[in-house]
Amino acid sequence: MKGGVSMFEGIKAMAQGLGSTFKALGAPRDTIEYPEKRREYSPRFRGKHMLAKDADGHELCVGCGLCEAVCPAHAIRVVAAEAEEGKAVSWTNRYAVDYEVDLIRCIFCGMCEEACPTNAVRLTPFNELAASDRLDMIADKEELLHPPVRK
């Protein structure tokens, strides 16, 4: 056969392909028995957001909006206000009344964490983000102030 592949060469190539497939089937796999065992991630891994508090329990977030401004995915919304006289919410008189992160839009780049002047925004190693409704993937301020704990 001139200029083409003979039937013998085609069968030989197919046998080589099946051979490598069968060889891979017998190889041991790196399977983790989730949720009994969990994969270890790098210390630099960026998971779900949290808003930190100081030792006295006051919120560190002052509602400056830098995290919202720097977010490339526009996944953060911050509404700031002045605290009422005698009601300490934050370590200063300004605080975030509303803070939301859309976890579907978020790309977990860490720019919000870097931009925060008070180190209030932190990305935790928690990565188990699943919901049956899109609205459940919007983390509000209360959820961010109380980050999930691994069991």
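Right above here is the structure, for reference.
Residues numbered from 1 in each chain as written. Predicted model: local features only at pLDDT ≥ 70, side-chain atom pairs only at ≥ 80, totals over all residues. Heavy atoms only, no water.

**Let's talk about the overall build of the protein**
As a reminder, the rule being used: Comment: elements are numbered from the N terminus, with helices defined as DSSP H or I runs of at least four residues and strands as E runs of at least two. For the radius of gyration, the atom set is restricted to C-alpha positions; the globular benchmark scales as 2.2 Å times the number of residues to the power 0.38. Exposure is judged per residue with a 1.4 Å probe applied to protein chains only, and the accessible area is read against the type maximum: over 50% gives exposed, under 20% gives buried, and values in between give partly exposed. What makes two residues a contact is simply this: any of their non-hydrogen atoms within 4.5 Å. Note that accessible areas follow from Shrake-Rupley with a 1.4 Å probe, and for residues the cover is restricted to the protein chains shown. Charged-residue counts in this description rest on Lys and Arg as positive and Asp and Glu as negative, His and the chain ends being excluded. Just so you know, the charge point we use is NZ for Lys, CZ for Arg, CG for Asp and CD for Glu.
In terms of regular secondary structure, the protein is built from four helices and five strands. Starting at the N terminus and ending at the C terminus, the protein contains elements arranged as α-β-α-β-β-α-β-β-α. Over its C-alpha trace the protein gives a radius of gyration of 25 Å, far above what one expects of a compact globule, namely 15 Å for 151 residues. Residues counted as buried form 28% of the 151 residues belonging to the protein. For the protein, the proportion of contacts with a sequence separation of at least 24, taken over those separated by at least 6, is 72%. For the protein, the accessible area works out to roughly 10,700 Å², and carbon and sulfur atoms hold 55% of it. Here the protein contributes 20 positively and 23 negatively charged side chains, and the mean placements of these two sets differ by 12 Å.

**What to know about the pairing of strand β3 (residues 94-102)**
Consecutive side chains of a regular strand alternate in pointing toward one face of the sheet and then the other. Using the following cut-off: Think of it this way: DSSP has to see at least two bridges between two strands before they count as a pair.
In this sheet, β3 lies alongside strand β2 (residues 76-82) in antiparallel orientation, the contact comprising seven bridges. Residue pairing in the sheet places V79 in a bridge with D98 of β3. Pairing between β3 and strand β5 (residues 138-139): two bridges, direction antiparallel. Note that in β5 the partner of V101 across the bridge is A139.

**Some points on unusual backbone geometry**
The omega torsion of the bond from Y34 to P35 falls at 5°, within 30 degrees of zero and hence cis. Along the chain, P35 turns up in the loop between α1 (7-25) and β1 (49-51). You will see that H74, though not glycine, has its phi angle at about 55°, which is positive. Residue placement: H74 occurs in the loop between α2 (66-70) and β2. Despite not being glycine, F108 shows a phi value in the positive range, around 50°. By the element assignment, F108 lies in the loop between β3 and α3 (111-115).

Without other data, these values stay purely geometric and don't point to any function.
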